[in-house]
Amino acid sequence: MVQQVRLSLREPIALDVDFQVQGFTALLGASGEGKSTLIKALAGLVPSAGEPFGGLPPQRRPIGYLPQGYALFPHLRAWENVAYAFGGALKSHRQRAVDLLDSVGLAAQADLRPSQLSGGQQQRVALARALARSPQLLLLDEPTSALDVNTRDDVMAELVSRMHQLGIPALAATHDAGLAAMSDWVVVLAGRRIVQQGPPREMFARPASVAAAALLGVRNRFTATVLRHVPEQGYTELHWEEAATVLRVPLRADAAPGWAVGSTLDWAVSPDDVRLPPLKTDRADDAENPIAGTIEHIIVQEASATAALRCGKARLWLRAPLRLIAHHGLRVGSAVTVHARAAQLQCWPR
Amino acid sequence: MALSAVDTSVVGSAAAYDRGQRLTRRAWLIALAGLLGLGFLSLPFFGLLISTPWTQLQLQPGDVDSLQVSLLYTVEALLIVVAFGTPVAWWLARHDFRGKFLVELLILLPLLTPPLAMGLLLSMSYGPYSWLGQPLGKLGLSLTNTPESFLLAQIYGSAPYFIVAARSAFEGVPRELEQISLTLGQSPWRTFWRITVPLAGLGLGAGVALAWVRALGEFGIVLIVAYYPQGIPVKLWVNLQDTGLPAVYPLLWLFFVIGLPLPLILGALSRRRQDRR
């Protein structure tokens, strides 16, 4: 299930990439980064050099391609869309086509036209059609974009597990961090190059750059300047100008690239790591890095809540159980001092 | 306070009532204008119906021959136009290149030139003593007053219309569907026939219907380069000149009978397909 991709494009954008496809792989990138172009290049629809399939015309590449919106043939019924991929007369492949539709749970819709199917059903017809040729690699372009929010996670979870059953590696171009979280492998495309790849757990824990953090959905991204290094205490102090707050992070040597006193760096903290004052104040490390602010919004999601904290010019998001918020009596306008452990602040020197 | 609120609401609804009246009046005016326009456009056809001497319809000598000439050569011209125009239309719809506007202009030129002028241009190039007509004549191909010249006139008169219509029909087919077909392992040829042509069907049908009507009714170009063999338009003109208006009715009706079915059938088919989607 591992497929190495080494590709070089010149038109319509210049792009040189080298990454792995492992199981269901998310190619995460902002719009305009060339994700779709890359997918099309792998499908042979955009000229490129490299592997796999270097130089083959699209009709000879063993791939299945699901474009954005799935592109079912509007003049053909669901089963005809699938039968078309077998070549020859449609009628002679009716049984095989219906069997394939059955495998994606759509046998009952075989005689419907694409316009009569929901987004999720269209995606499954497109999948059945792509699978008709027994592809070695499945390519998906923004597979979640045509799905409605309520069914999106279900449809995608089903798609990922189906790809696992079939044992076909899949590469999905997306800007959806939620889909990346569901994948086996994540490849981040930023600034027209691959900046990071790995399993999602590692990626979400340690984004390689602030751009990768943005793509992975990290909301609390800020800048700060290096204030001083305190080797005897084992920390480095940063000045977070927007919030007029001094933060401590684990000691970094002055000589480390980008860590000289006075240099600007990007930093981020997960909303889960921004802590409200603990119920019992006996743990010193929970009191690290006090940040004072005022509650601006509270968004309740089931048993927890996400709150926006206004700290000077910055907005800091934090997530906490609802009962803790209730315990502190927090509402819009409440003043509160939160904490963030030094080790949980992620910094990216420039 | 409560009373005044009630008052304003009454005034408000009266204003709304007035506005409603005005809108209804405007709707009537628009409908009337539309009916007048429709009446104006259909007036000549009504005139044909009431002035046809139904009991004394008599074909003129040569009318049946002209019918045969028109039918036979229009079908031939249409086949040639579709066979050669379709690739040109597809090429224009799917490829961008420098100077494309020049090619587009060249295709539009015959369409923008008045038919009579186009006929004169053709005789300058294909006429018996012209730069191209002379060598062609030596090869045994005469393009003045021959069936070939009749075909030539019809092709010049109808091809641009077909190409323009077919091109926009092809442009209306999402390129992505053709690309998907390729990624499904299907050849470009099969993709063209099974995906592009069916999806462009409506527009291609309109192009064929337009070309049919233009070729069948071509008069200006035909008059100059192919007075013979006489098709229906020239024969109608001859009948009118030689005998007068009463001599045109039978052939005129036959003209409608053979000219209209193809566009009507194509129109009906396209409407049915649109309903089904």
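Because the structure is predicted, anything quoted here is derived from the model rather than measured.

## Remarks on the overall build of chain B
For chain B, the helix and strand inventory stands at 12 helices and zero strands. For chain B, the N- to C-terminal ordering of α and β elements is α-α-α-α-α-α-α-α-α-α-α-α. Here the C-alpha radius of gyration of chain B, 27 Å, is well above what a compact globule of 277 residues would show, namely 19 Å. The 277 residues of chain B split such that 30% are buried. Of the contacts formed within chain B by residues at least 6 apart in sequence, a portion of 77% connects residues at least 24 apart.

## Things to note about the environment of Lys313(A)
With respect to the helices, strands and loops of the structure, Lys313(A) is situated in the loop between strand S16 (304-311) and strand S17 (314-321). The spacing of Lys313(A) and Val249(A) is 64 residues in sequence and 21 Å in space, taken between C-alpha atoms.

## Looking at the confidence of the model for chain B
Residues and elements named next belong to chain B. On average, chain B scores 89 in pLDDT, and the residues at 70 or more come to 94%. Note that pLDDT drops below 50 for residues 1-9; the model gives that stretch zero contacts with residues more than four away or on any other chain. Across the interface, the model reports ipTM at 0.77; the global pTM reads 0.77.

## Things to note about the nonpolar core
Judged by nonpolar contacts, the single largest core of 140 residues is most densely connected at Val82(A), Leu101(A) and Leu139(A). Split by domain, this core shows at least three residues from each of two domains, domain 1 (2-215) and domain 2 (221-349) of chain A.

## Section: the sheet that holds strand S4 (residues 49-51) of chain A
Adjacent strands of a sheet form backbone hydrogen bonds with each other and so pair up, either parallel or antiparallel. Residues and elements named next belong to chain A. With antiparallel pairing, three strands are arranged side by side in an open sheet as S2-S1-S4. The open sheet has two edge strands, strand S2 (15-22) and S4, and neither has a second partner. Averaged over neighbouring strand pairs, the angle between their axes works out to 10° when direction is ignored. Pairing of strand S1 (residues 2-9) with S2 involves eight bridges; the strand directions are antiparallel. Along S2, the bridge assignment pairs Val5 with Phe19.

## Let's talk about the interface of chain A and chain B
The interface is formed by 17 residues belonging to chain A together with 15 residues belonging to chain B. Split into classes, the residues belonging to the side of chain A that touches chain B amount to 11 nonpolar, four polar and two charged.

## Quick look at the sheet that holds strand S18 (residues 335-340) of chain A
Residue and element names in this part refer to chain A. Taken in spatial order, the five strands line up as S14-S18-S15-S16-S17 in an open sheet, and their pairing is antiparallel. Two strands in the sheet have a free side with no partner beyond their single neighbour: strand S14 (274-275) and S17. Both S16 and S17 contribute to a ladder of eight bridges, which runs antiparallel. Its bridge partner lying in S17, Leu309 is registered against Leu316.

## What to know about the pairing of strand S12 (residues 245-250) of chain A
Two elements, strand S11 (residues 235-240) of chain A and S12(A), share six bridges in a ladder whose sense is antiparallel. Residue pairing for S12(A): Trp240(A) is matched across the bridge by Thr245(A).

## Brief notes about helix H7 (residues 175-183) of chain B
Burial in H7(B) covers these residues: Glu178(B), Gln179(B), Ile180(B), Ser181(B), Leu182(B) and Thr183(B). In this structure, the buried residues of H7(B) make contact with helix H1 (35-43) and strand S5 (63-66) of chain A together with helix H8 (188-217) of chain B. Following H7(B) by one or two positions, Gly185(B) adopts a phi angle in the positive range, close to 85°.

## A look at the domain arrangement of chain A
Quite often, the size of an interface is put as the accessible area lost when its parts meet. Residue and element names in this part refer to chain A. By the assigned domains, chain A splits into domain 1 (2-215) and domain 2 (221-349). The interface of domain 1 with domain 2 comprises four residues on the first partner and four residues on the second. Looking at side-chain class alone, the side of domain 1 that touches domain 2 contains three nonpolar, one polar and no charged residues.

## Topic: the packing of helix H10 (residues 232-242) of chain B against helix H11 (residues 249-259) of chain B
Residue and element names in this part refer to chain B. H11 packs onto H10 with a crossing angle of 160° between their chain directions and a minimal axis gap of 10 Å. Judged by the inter-axis angle, H10 sits roughly antiparallel to H11. With respect to the hand of their crossing, H10 and H11 are arranged in left-handed fashion. Residue-level inspection shows Ile232, Lys235, Leu236 and Asn239 of H10 in contact with H11, the latter providing Leu251, Leu252 and Phe255. Residues belonging to the contact of H10 with H11 are distributed by class as follows: five nonpolar, one polar and one charged.

Thresholds, definitions, all that
- Residues numbered from 1 in each chain as written.
- Chains lettered and ligands numbered in written order.
- Predicted model: local features only at pLDDT ≥ 70, side-chain atom pairs only at ≥ 80, totals over all residues.
- Helix = DSSP H or I, 4+ residues; strand = E, 2+ residues; numbered from the N terminus.
- Rg over C-alpha atoms; globule rule 2.2 N^0.38 Å.
- Buried ≥ 20, exposed ≤ 12 C-beta atoms within 10 Å, placed from the backbone.
- Contact = placed C-beta atoms within 7 Å.
- pLDDT = per-residue confidence, 0-100.
- Core = buried A, V, L, I, M, F, W, Y, C linked by C-beta atoms within 7 Å.
- Domains from an automatic or database assignment.
- Pairing = 2+ DSSP bridges.
- Axes fitted to C-alpha atoms, helices over the stretch in contact; angles between N-to-C directions.
- Nonpolar A, V, L, I, M, F, W, Y, C, P; charged D, E, K, R; others polar.
- Parallel < 35°, antiparallel > 145°, perpendicular 65-115°, else oblique.
- Left-handed = near helix turned anticlockwise from the far one by under 90°.

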